[in-house]
Amino acid sequence: MPRPLITLLTDFGAADHYAAAMKGVMRGICPAAEFIDISHEVAPYALAEAAYTLSQAWQYFPKGTIHLIVVDPGVGGARRPVLAKSAGHYFVAPDNGVLSMVIPTEATSGLACSVRELTNPKYFRPSLSQTFHGRDLFAPVAAHLANRVPAARFGRTIVDWVRLEGLLPCRDANGAWQGIVLKADRFGNLITNLPSDLIENSGKGWNLRIGNRILATLATSYSEGEPGKLFVIVGSSGYLEISANQRSAAVVTGATSGTRITLRPGRGIS
Amino acid sequence: MPRPLITLLTDFGAADHYAAAMKGVMRGICPAAEFIDISHEVAPYALAEAAYTLSQAWQYFPKGTIHLIVVDPGVGGARRPVLAKSAGHYFVAPDNGVLSMVIPTEATSGLACSVRELTNPKYFRPSLSQTFHGRDLFAPVAAHLANRVPAARFGRTIVDWVRLEGLLPCRDANGAWQGIVLKADRFGNLITNLPSDLIENSGKGWNLRIGNRILATLATSYSEGEPGKLFVIVGSSGYLEISANQRSAAVVTGATSGTRITLRPGRGIS
Amino acid sequence: MPRPLITLLTDFGAADHYAAAMKGVMRGICPAAEFIDISHEVAPYALAEAAYTLSQAWQYFPKGTIHLIVVDPGVGGARRPVLAKSAGHYFVAPDNGVLSMVIPTEATSGLACSVRELTNPKYFRPSLSQTFHGRDLFAPVAAHLANRVPAARFGRTIVDWVRLEGLLPCRDANGAWQGIVLKADRFGNLITNLPSDLIENSGKGWNLRIGNRILATLATSYSEGEPGKLFVIVGSSGYLEISANQRSAAVVTGATSGTRITLRPGRGIS
């Protein structure tokens, strides 16, 4: 039987001891646990970035994986800690919207999904600090889960969990899609929240506006076109990305997480 | 039986091959070894920062864990390599003070603790470079230890191991505690070397001076008060921290590792 | 039997989900796979830096280790994906020169070595993105290899794989060695491509020119000499390094990856 697998996603950075303290706590509770870091370099308190990063990683792991997410600006305050189960994966996180792109919305909730508030102190560390629930609450819960403690023992299901606003694109009165840049990655690719099929199924053409630039070229690889020219590409995430061959589209455009974009149907520029 | 666990703490950074070369060497000697990184982002040669980071991580790991620490400005010079055993944990490191917050001082040495100089070349790599004892000496020793080689085989115990000065606070003639900032973490929290019970047991109040600011507010969570206002909080380390809600106290105060602070009893400001 | 070991070397950085998505895919195909990161902080598209970093890490791992390298500026274009076997290790990478310091050149090819083009889509993910072959092609191949799929099933051997130019030093008409800086490491040590035996076997002395500085001092440890003074040292890589005691030789000299250096025999400065 494979050993239990726990992934970690935090905004703790690589220099501090925080992620290691969590892993130590978990190995103490579940010596068989194995860890894979998704990232500890989420920008501090950046919930939308964390939600996106999680959404692009969890789905490639085997069923049964436990995902531990600690991006927690409200630690020690009123926000609830939760355990979500969705599509055969477990998510242990603060209830602050960081799971917004993982837990299906009601409209698409054909998938079996449950969210529980973590209320059973039996599965926390005996002394709970006010500032580091990652170590004292979330990590021990993830480790007990890895020890096959049934989900129901951690607390009751809830339905009013927090969802981040603005992550989904919307269609305006003119038929254009209003979206945002979810993240600029290390290469300066601007990952948008516009699903690629908005372009792929667009028989009559399209144009995409970001700042004062208008793009209408769909590339098929990053290495296409002259270096530095902006283009749109179907990203590995399934979303449209704005990129530039061996340059940073983030630098070229000045755009960043949250920058607004507009996708219009038709070849004309309006 | 669980596989042997080795943690790593270095100032090697994430870009170079140094940490991976150490792990490769260890897997060659002990194929069952598992690794957890505490951090490779200690500032180059920053012994006090490394000592603090280690002190906040090791204690959460299970007994028997081997901690490999390579922050080693004196590599190839006269500094000794050591193996310490304390509280059921093993520490393999250069003898340059990096273990100062881990090995109990004489005053508190009720705990069983031994420190050995690593002198047995049988447990080093055959060819010892002058610049990378992490790979050629410390990693192989850690791996042989993981293979259950008894500690006594690595060398004789010593008692004159190196201690960093200035890590402990001291009380001045006026009854005030003189301390320092040990580290600014990623969030800009200033972790001091003042144990939190100095405030918690202070019936008559207190005030804490950092630079030209005087703080007298003890918060119970990071998310308390208006954004940007400085406060004191009992940190997850058990030390007092100076923080600001969703801001960097390090930026607000200009303080950094080594900045001096003063804690005075009483509500009045003197 | 030890579990299969896969190392990762990429230019993906630590903030994005890319490395984790690759690990998730690999655990799905080969649940027993274990991972050790060499680095994800290769500068974007920096093939020579990646080639050097790989050359300094792979050799310390046990035989049978699978090394997965994704520094891939040509992703989605015409470059071929390859699987190389050399000295009992496996290398899965794009064919863009990143293996130049690992696969022996013809002159030294006494070692058994084979390079295959990855052409069998049976071992790729069903849907191949244009922008992330790390996740969709290289990671699944590495995981199937970890499952002991024979190398020959992935594709046919090739002989015309890509080699980076300029990584080897050459001797000029005056008998001087012309070399380059391969990399400045985190400490500012300048690692050159000049093997240390060029100095060690030089009975009549030598001098090394970098920019307008001439060095003729061979140190035996980093901690030698006054802080800040430049010296040459036999690096842990087997190459000559230019270093400065507790300072950055990269900052002192302004040199970086690719900076030219000249090593002349004899004590006189010509």
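Reading the values: rules and limits
- Residues numbered from 1 in each chain as written.
- Chains lettered and ligands numbered in written order.
- Predicted model: local features only at pLDDT ≥ 70, side-chain atom pairs only at ≥ 80, totals over all residues.
- Heavy atoms only, no water.
- Contact = heavy atoms within 4.5 Å.
- Buried area = accessible area lost by both parts, 1.4 Å probe.
- Salt bridge = Lys/Arg side-chain N within 4 Å of Asp/Glu carboxyl O.
- Polar contact = N/O pair within 3.5 Å; in protein donor to acceptor, adjacent residues only side chain to side chain.
- Helix = DSSP H or I, 4+ residues; strand = E, 2+ residues; numbered from the N terminus.
- Nonpolar A, V, L, I, M, F, W, Y, C, P; charged D, E, K, R; others polar.
- Buried < 20%, exposed > 50% of the residue type's maximum accessible area, 1.4 Å probe, protein only.
- 1 Å grid on protein atoms, 1.4 Å probe; cavity = no way out; pocket = protein on both sides within 12 Å on 5 of 7 lines; lining within 4 Å.
- Points joined across faces, edges and corners; volume = space filled by probe spheres on them.
- Least-squares fit on C-alpha atoms with pLDDT ≥ 70 in both.
- Core = buried A, V, L, I, M, F, W, Y, C linked by side-chain atoms within 4.5 Å.
- Lys, Arg positive; Asp, Glu negative; His and termini not counted.
- Pairing = 2+ DSSP bridges.
- Axes fitted to C-alpha atoms, helices over the stretch in contact; angles between N-to-C directions.
- Phe/Tyr/Trp six-rings, centres within 6.5 Å; stacked < 30°, edge-to-face > 60°.

Asker: An account of the interface of chain A and chain C is needed here, citing residue identities and associated values.
Answerer: Each partner contributes to the interface: chain A provides 30 residues, whereas chain C provides 36 residues. Here chain A meets chain C over a buried area of about 2,600 Å², counting both sides, of which 55% is carbon and sulfur. When the area that chain A buries against chain C is broken down by residue, the three leading residues are Tyr-60, Arg-186 and Phe-187 of chain A, summing to 28%. If you look at where chain A meets chain C, you find four salt bridges. A salt bridge links Glu-34 of chain A to Arg-27 of chain C, with the shortest nitrogen-to-oxygen separation between them at 3.2 Å. Inspection of the chain A/chain C interface yields 15 residue pairs in polar contact (both at pLDDT 80 or more). Going through the elements one at a time, strand S2 (34–39), helix H2 (47–57) and strand S13 (230–234) of chain A are the ones with two or more residues in the side of chain A that touches chain C. Per-element tally for the side of chain A that touches chain C: the top contributor is S2 of chain A, with five residues. Considering only residue class, the side of chain A that touches chain C consists of 14 nonpolar, nine polar and seven charged.

Asker: Could you give an account of the environment of Asn-96 of chain C, naming the residues involved and the relevant values?
Answerer: Residue and element names in this part refer to chain C. Inspection of the secondary structure assignment puts Asn-96 in the loop between strand S5 (89–94) and strand S6 (113–117). Judged by its relative accessible area of 11%, Asn-96 is buried. Along the sequence, Asn-96 and Gly-203 sit 107 residues apart, while their C-alpha atoms lie 40 Å from each other. Apart from residues no more than four positions distant in its own chain, Asn-96 is found in contact with Leu-47, Val-71, Asp-72, Pro-73, Val-162 and Leu-164. A polar atom in the side chain of Asn-96 sits 3.2 Å from the backbone nitrogen of Val-98.

Asker: Tell me about the layout of surface pockets, and please be specific about residues and values.
Answerer: Vacant regions in the atomic arrangement are exposed by a probe of water-molecule size rolled over the atoms. In this model, the largest pocket occupies a volume close to 1,100 Å³. In this structure, the largest pocket is lined by 49 residues; those nearest its centre are Asp-37 of chain A, Lys-23 and Asp-37 of chain B together with Lys-23 and Asp-37 of chain C. Counting residues per element, the ones that place at least two in the lining of the largest pocket are helix H1 (18–29) and S2 of chain A, helix H1 (18–29) and strand S2 (34–39) of chain B together with helix H1 (18–29) and strand S2 (34–39) of chain C.

Asker: Break down the relation of the copies chain A and chain B for me, citing the residues and quoting the values.
Answerer: Expressed as a screw operation, the relation of chain A to chain B combines 0.0 Å of axial shift with a rotation of 120 degrees, fitting to an RMSD of 0.1 Å. These values place the two chain copies in the arrangement generated by a three-fold rotation axis. An overlap of only 8% is found between the interface residues of chain A and their copies at the interface of chain B, pointing to separate contact surfaces.

Asker: A description of the nonpolar core should follow, citing residues and the corresponding values.
Answerer: Taken as a class, soluble globular proteins show a tendency for nonpolar side chains to be buried jointly. Counting residues in hydrophobic clusters, the biggest one holds 66 residues, and the most contacted among them are Leu-54 and Leu-99 of chain A together with Ile-6, Met-26, Leu-68, Val-92 and Leu-118 of chain C. Examining the composition of this core, we find that eight residues originate from one element, helix H3 (residues 133–146) of chain C, more than from any other. In this view, Leu-68 of chain C contacts Ile-6, Thr-7, Leu-8, Leu-9, Met-26, Val-92, Phe-138, Ala-139 and Ala-142 of chain C; residues no more than four positions away in its chain are not counted.

Asker: Residues and numbers for the side chain of Glu-241 of chain B, please.
Answerer: Note that Glu-241 of chain B resides in strand S14 (residues 239–244). Although Glu-241 of chain B lies buried, it forms no salt bridge, and the closest oppositely charged side chain, Arg-135 of chain A, sits 8.4 Å away as judged by the N-O distance. Look past the residues within four positions of Glu-241 of chain B in its chain and what remains in contact with it is Asn-189, Leu-190, Ile-191, Tyr-222, Phe-231, Val-232, Ile-233, Gly-235 and Ser-236 of chain B.

Asker: With reference to specific residues and values, describe the interface of chain A and chain B.
Answerer: Taken together, the contacts link 36 residues of chain A with 30 residues of chain B. Carbon and sulfur atoms supply 55% of the area that chain A and chain B bury against each other, a total of about 2,600 Å² over both sides. Sorting the residues of chain A by area buried against chain B places His-17, Arg-27 and Thr-131 of chain A first, and these three jointly supply 23% of that buried surface. In this structure, the connection of chain A to chain B is made through four salt bridges. Here chain A and chain B share 15 residue pairs in polar contact (both at pLDDT 80 or more) between them. When residues of the side of chain A that touches chain B are traced back to their parent elements, those giving at least two are H1 and S2 of chain A. Considering every element that reaches the side of chain A that touches chain B, the biggest residue donor is H1 of chain A, with eight residues.

Asker: Pulling in residues and values, what's your account of the sheet that holds strand S4 (residues 81–86) of chain A?
Answerer: One open sheet holds the six strands; their spatial order is S2-S1-S3-S5-S4-S6 (chain A), and the pairing between them is mixed. One side of each edge strand has no neighbouring strand; the edge strands of this open sheet are S2 and strand S6 (113–117) of chain A. In this sheet, neighbouring strand axes are inclined to one another by 20 degrees on average, regardless of whether the strands run parallel or antiparallel. Sheet analysis places strand S1 (residues 5–10) of chain A next to S2 of chain A, joined by five bridges and oriented parallel. Residue pairing in the sheet places Ile-6 of chain A in a bridge with Phe-35 of chain A of S2 of chain A. Running at roughly 145 degrees to S2 of chain A, H1 of chain C makes contact with S1 and S2 of chain A of the sheet.

Asker: Describe the packing of aromatic side chains, and please don't skip the residues or the numbers.
Answerer: One pass over the full model with this rule turns up 21 aromatic pairs over all chains. Where Phe-12 of chain B meets Phe-187 of chain C, the ring centres are 6.4 Å apart and the plane angle is 80 degrees; that geometry is what we call edge-to-face. Of the two residues, Phe-12 of chain B is situated in the loop between strand S1 (5–10) and H1 and Phe-187 of chain C in the loop between strand S8 (177–184) and strand S9 (190–195); the pairing between them involves two chains. For the residue pair Phe-12 of chain B and Phe-187 of chain C, the accessibility class agrees, reading buried in each case. Plain terms: the ring middles of Tyr-18 of chain B and Phe-132 of chain B are 5.2 Å apart, the flat faces sit at 85 degrees to each other, and that makes the pair edge-to-face. Here Phe-132 of chain B lies in the loop between strand S6 (113–117) and helix H3 (133–146) and Tyr-18 of chain B lies in helix H1, a separation of 114 residues in the sequence. Accessibility assignment for this pair places Tyr-18 of chain B and Phe-132 of chain B in one class, buried.

Any functional reading would require information beyond the geometric quantities listed.
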